[in-house]
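# Structural characterization, general
Below are the chains, spelled out letter by letter.
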Amino acid sequence: MLIRSSVPSRPLGSEITAEPVYRQRRRLLAAAGFGAASAGMAGVFGSGAALAQRSDAGASLAPLEAKPGPFSTMERQTSFEDASTYNNFYEFGTDKSDPVRYADRLQTRPWTVAVEGEVAKPGNYDIERLLKLAPQEERVYRMRCVEGWSMVIPWIGYPLAELIRHVEPTGNAKYLQFVTLADPKQMPGVRAGVLDWPYREGLRMDEAMHPLTLLTFGMYGRILPNQNGAPIRIVVPWKYGFKSAKSIVSIRFMEEQPINSWGRMAPSEYGFYSNVNPEVDHPRWSQATERRIGEDGFFTRKRKTLMFNGYAEQVAQLYAGMDLRKFY
Ligand code: MTE
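Residues numbered from 1 in each chain as written. Predicted model: local features only at pLDDT ≥ 70, side-chain atom pairs only at ≥ 80, totals over all residues. Heavy atoms only, no water.

### Topic: the overall build of the protein
This is how the line gets drawn: Runs of E in the DSSP output that reach at least two residues are strands. Runs of H or I that reach at least four are helices, and both are numbered from the N terminus. Here's how the labels work: a residue is buried when its accessible area is under 20% of the maximum for its type, exposed when over 50%, partly exposed in between, all with a 1.4 Å probe on protein chains only. In this analysis, two residues are considered to be in contact whenever any of their non-hydrogen atoms come within 4.5 Å of each other. Areas reported here follow the Shrake-Rupley algorithm with a probe of radius 1.4 Å; residue values treat only the protein chains shown as occluding.
Helices and strands together make up the secondary structure of the protein, namely nine helices and 13 strands. Buried positions account for 56% of the 328 residues belonging to the protein. Intrachain contacts of the protein at a sequence separation of at least 6 include 75% that bridge at least 24 residues. Looking at the protein as shown, the accessible area adds up to about 13,400 Å², and 55% of this sits on carbon and sulfur atoms.

What follows is the structure in structure tokens.
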């Protein structure tokens, strides 16, 4: 895999948790049973590869010490190396290795997120302000891509609900739409007409308010690599990965169900809800099993995909009474 070396191969000390602090936190997490000392950690500090895809020198996670949050899975974490080199981010190209190759062009400072629509407090929210709006937590989430692979990633952020409460939605706000950056100067994939740019995604208000839905700024104890959606993305772990929009520039509070890019592109293949569901196949392939990235071997069995990606206990009630075959 080609990795650009035009930028420093390691993050600047000011940008990440100091290594001793970081290691101590890892020990604490491990002691607390979070299984954090996974193979992924070697990837974080052991190798320069794929650490460099950022252009916002000086940015930091605030606070540096994200506390372990609820809902974390104890499953073995995917390595940082895999999670930051095997990506979907079509603005940088359609190949899984394109984002890590090209995302270093993305300028993530200054960055503002426009909060628009049905809210009492609309406005442009600076990324530094958003970082500090609520205490950050680390949450290890299972992620399942519609293409049949999965990862386990420790994300850092706070519940999107915190921001929603802060901006005070009006009674008309039934949905949220996330609009992401589409700048052909920084994002070579945007020059190709694969999708109707900008990439857009949406959630129903109760989904957006659910405590599992994370407004995300970092992963593996450091700020998000550009290819993973810096400087701000959402992570919705019970839905297929494409619902988790990266590099968000606008959050719109709407009365009507918003457009989402993949739903618009291929409505019979990608629904608005896109809850992980082993019983509803994609028209062209089964969704019953998944390949966990990092577990690949000739004899490795695929895993059975779990309803709502294993988060049924937390989210199934959101869809009570809904025909999940119709609302896929
Ligand atoms: N967000 C934007 N802006 N553009 C994209 O192409 N791809 C989605 C989602 N968010 C995408 C996006 C898809 S298909 C997946 S599987 C996840 O990002 C992948 O996130 P990851 O690369 O951090 O694992």
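Picking up where we left off.
### Remarks on the side chain of serine 97
The condition is simple: Any N or O atom pair separated by 3.5 Å or less is treated as a polar contact, with the protein-specific requirement of one donor-capable and one acceptor-capable atom, and with residues adjacent in sequence counted only for side-chain atom pairs.
Inspection of the secondary structure assignment puts serine 97 in the loop between α3 (80-83) and α4 (98-102). A polar contact of 2.8 Å, which involves the side chain of serine 97, links it to the side chain of aspartate 95.

### Let's talk about the site of the ligand
Formally: One heavy atom within 4 Å of a molecule or strand is enough for the residue carrying it to be called near that molecule or strand. Three categories are distinguished: nonpolar for Ala, Val, Leu, Ile, Met, Phe, Trp, Tyr, Cys and Pro, charged for Asp, Glu, Lys and Arg, and polar for the others, with Gly belonging to the last.
Around the ligand, the surrounding shell holds 15 residues, and the nearest of these are Asn87, Tyr90, Glu91, Arg233 and Lys246. Between asparagine 87 and the ligand, the recorded distance is 2.8 Å, taken from a side-chain N or O atom to an oxygen atom. Between tyrosine 90 and the ligand, the recorded distance is 2.8 Å, taken from a backbone N or O atom to an oxygen atom. Burial of the ligand by the surrounding chains reaches 94%, relative to a free accessible area of 530 Å². Residues belonging to the shell around the ligand are distributed by class as follows: six nonpolar, six polar and three charged.

### Here's the deal with the sheet that holds strand β6 (residues 175-180)
Across a sheet, paired strands are connected by hydrogen bonds in the backbone, their directions being either parallel or antiparallel. For the record, the criterion: Note on pairing: two strands pair once DSSP finds at least 2 bridges between them. Orientation is described by lines fitted to C-alpha atoms, with helices fitted over the stretch in contact, and by angles between N-to-C directions that extend from 0 to 180 degrees.
Read across the open sheet, the five strands follow the order β3-β2-β11-β6-β7; overall the sheet is mixed. Since the sheet does not close on itself, it has two edges, and those belong to β3 (123-126) and β7 (200-204), each with one partner. When strand polarity is set aside, the average angle formed by the axes of neighbouring strands in this sheet is 20 degrees. By the bridge criterion, four bridges tie strand β2 (residues 112-117) to strand β11 (residues 248-254) in an arrangement that is parallel. By the bridge assignment for β11, glycine 117 is matched with phenylalanine 253.

### Comments concerning unusual backbone geometry
Residue arginine 109 is joined to proline 110 through a cis peptide bond whose omega torsion reads -15 degrees. The topology assignment puts proline 110 in the loop between α4 and β2. Cis peptide bonds are those with omega within 30 degrees of zero, and the linkage from tryptophan 197 to proline 198 qualifies with -5 degrees. Along the chain, the position of proline 198 falls in the loop between β6 and β7.

### Re the environment of asparagine 124
By secondary structure assignment, the location of asparagine 124 is in strand β3. Setting aside chain neighbours within four positions, we find asparagine 124 in contact with Thr112, Val113 and Ala114.

### Points about the environment of proline 68
Tracing the chain through its elements places proline 68 in strand β1 (residues 67-68). The class of proline 68 is partly exposed, set by a relative accessible area of 37%. In this structure, the C-alpha to C-alpha distance between proline 68 and glutamate 137, residues 69 residues apart in sequence, is 5.4 Å.

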